[in-house]
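An overview of the molecular structure
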Amino acid sequence: MSQFDSNINVKALGKVAVLMGGDSAEREVSLMSGSGVLQALRARGVDAHAFDPAQNALGDLKRDGYARCFIALHGRHGEDGTVQGALELLGIPYTGPGVMASSIAMDKVMTKRVWLAEGLPTPRYVWLAPDRQRREVVRTVPDELGLPLIVKPPREGSSIGVTKVRGYSDMQEAVELSAKYDPDVLCEEFIDGEEVTCPVLGQGADARALPVIRIVAPDGAYDYQNKYFTDDVKYQCPSGLPDAEEREIQRIVLEAYRTLGCRGWGRADLMIRASDRKPFLLEMNTSPGMTGHSLVPMSARAQGISYEELCLRILASAALDTPPRSKGD
C-alpha cells in the first residue's frame, strides 16, 4: 500500500497502541503528540489505545494483542532505535524509521558524519567528548567555528539544552548546560539566515517531500517554550520562497532522508544562509511532533492532507526491518 493511497482498510490495521509519554526529557511534548494522534485515529474508526512505556512493560503489547504501534514518543528511548529494537523482537510493526536509521538520526554527530560522507551540506562542527570539555579545550572552539556558534546536546531534541554562544566567556556555561542532558557536546557553526523545515512521507523511491515551512521566531529564539507553549512564532506555509529554492530544499531533504535509510515519515530542519541562499541540514527528526503547534501536520494540510488522514497514512505505513518469516520457511 502506498503511503499516499487514501483507501486504507481501517479494520485491517487491527488493535493499535499509540506509544506516548516515555521517560525522556520530551515526555510532556510526547503526551501532547500522542493524545492528538489517539483522538485522530479513533475518529477514523481505528481500535487505538494509549500506551505509556514509562508505566507499562513493552511485553504487554504482545500479551494484549496489539497488531501495530504508532510511535509518538520523542527523544531517548523513543526515537533512538531502542523501542524500535524491542518492537522488532516482539514482531509488532511500528511507524517511522527502523532501528539503524533511528539510532543514527538521533545522534546529530553521527548524522553529520553520514551526510558529509555523501556530500550533503551541514554546518561545520566540533564534537566535545567528556574528556574534551576542559576549559582550555572549550575556549578554543570559537577559534575554529567563529562566533556566534551553537552548543547543544547531540542526542536531545525540542531545543532542550541549546545555547547560542556570542562570546568566549559564554562557552563554558553553555557546554555545562548541554552536558546536563548528554555526556557529549556538539558545537556547531552558526548559520545566519532563515530557518525552514521540510517533512517527508514514504520510503525509498516512493518517498515524497511535503511543502517547506519557513519559521519566523521572535528575536530568532525558536526554543522549547516558543515551539510548544506560545503563539509568538510565525510559520509560513506556503513558505514564500522562490520555487527553485523550495524545490532544491526538498531535493536535499529527500536525499538526506534516503541516505539515513529512513522510512514512513520524518522531518528535516535546515538553515538558509542569508549571504548566498545556500541551505544547510541541521537534523532529521524521525518521530516528529504531532501537537497543535507541530509542523508536519501544518505542511500536510498545505498539501491537502488533514490531520486525521495524516495519522492514518503514517499508521498504515507501519513496518518491521525484518518481516517475520512464515511458518513454512
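To keep things clear, this report deals only with the structure shown in the data block. (Residues numbered from 1 in each chain as written. Predicted model: local features only at pLDDT ≥ 70, side-chain atom pairs only at ≥ 80, totals over all residues. Heavy atoms only, no water.)

**Quick notes on the sheet that holds strand β7 (residues 185–189)**
For sheets, the rule is that strands pair by backbone hydrogen bonds, running either parallel or antiparallel. For clarity, the threshold we go by: Between any two strands, at least two bridges found by DSSP are needed for them to pair. What counts as a helix is a DSSP run of H or I of at least four residues, what counts as a strand is a run of E of at least two, and both are numbered from the N terminus. For helices, the fitted axis covers only the stretch in contact; all axes are lines through C-alpha atoms, and the angles between them, taken along N-to-C directions, range from 0 to 180 degrees. Contact criterion: two residues are considered in contact whenever any of their non-hydrogen atoms come within 4.5 Å of each other.
One open sheet accounts for 4 strands, arranged β4-β7-β5-β6; its pairing is antiparallel. Lying at the two open borders of the sheet, with one neighbouring strand each, are β4 (125–128) and β6 (163–165). Averaged over all pairs of adjacent strands, the angle between their axes in this sheet comes to 20 degrees, without regard to strand direction. Pairing of β4 with β7, which is carried by 4 bridges, proceeds in the antiparallel orientation. Residue pairing in the sheet places Trp127 in a bridge with Leu186 of β7. The strands touched by helix α8 (residues 171–179) within the sheet are β4, β5 (149–152), β6 and β7, with β5 carrying the most contacts at an inclination of about 30 degrees.

**Overview of helix α1 (residues 27–43)**
Selection criterion: Under the convention used throughout, the expected extent of a helix is 1.5 Å for every residue step, that is, one less than its residue count. Under the scheme applied here, a residue whose accessible area is under 20% of the maximum for its type counts as buried, over 50% as exposed, and between as partly exposed, the area being computed with a 1.4 Å probe on protein chains only.
If you check α1, its first and last C-alpha atoms are 24 Å apart, about what 17 residues at 1.5 Å a residue would give, namely 24 Å. Regarding α1, the residues found buried are Val29, Ser30, Ser33, Gly34, Gly36, Val37, Leu38, Ala40 and Leu41. Downstream of α1 by one or two residues, Gly45 has phi in the positive range, about 90 degrees.

**Observations concerning the pairing of strand β10 (residues 213–216)**
Sheet topology places strand β8 (residues 193–201) next to β10; 3 bridges connect them, and they run antiparallel. Bridge pairing in β10 links Thr197 to Ile213.

**Structural notes on helix α12 (residues 307–316)**
With 8 of 10 residues buried, α12 is to be regarded as a mostly interior element. Among the residues of α12, Glu309, Leu310, Cys311, Leu312, Arg313, Ile314, Leu315 and Ala316 are the ones counted as buried. In this fold, the buried residues of α12 make contact with β1 (15–19), α1, β3 (68–71), β8, β12 (265–273) and α11 (295–302).

**Looking at the pattern of salt bridges**
The cut-off we apply is this: For this analysis, a salt bridge means a side-chain nitrogen from Lys or Arg found within 4 Å of a carboxyl oxygen belonging to Asp or Glu.
Scanning all chains against the criterion turns up 23 salt bridges. Where Arg44 meets Glu308, a salt bridge forms, and the shortest distance between an N and an O atom there is 3.3 Å. Linking Arg44 in the loop between α1 and β2 (47–51) with Glu308 in helix α12, this pair joins segments that are 264 residues apart in sequence. When its relative accessible area of 30% is taken as the criterion, Arg44 is described as partly exposed. Two residues, Arg155 and Asp182, come together in a salt bridge whose shortest N-O distance is 2.6 Å. With Arg155 in the loop between β5 and β6 and Asp182 in the loop between α8 and β7, this pair connects stretches of sequence that are 27 residues apart.

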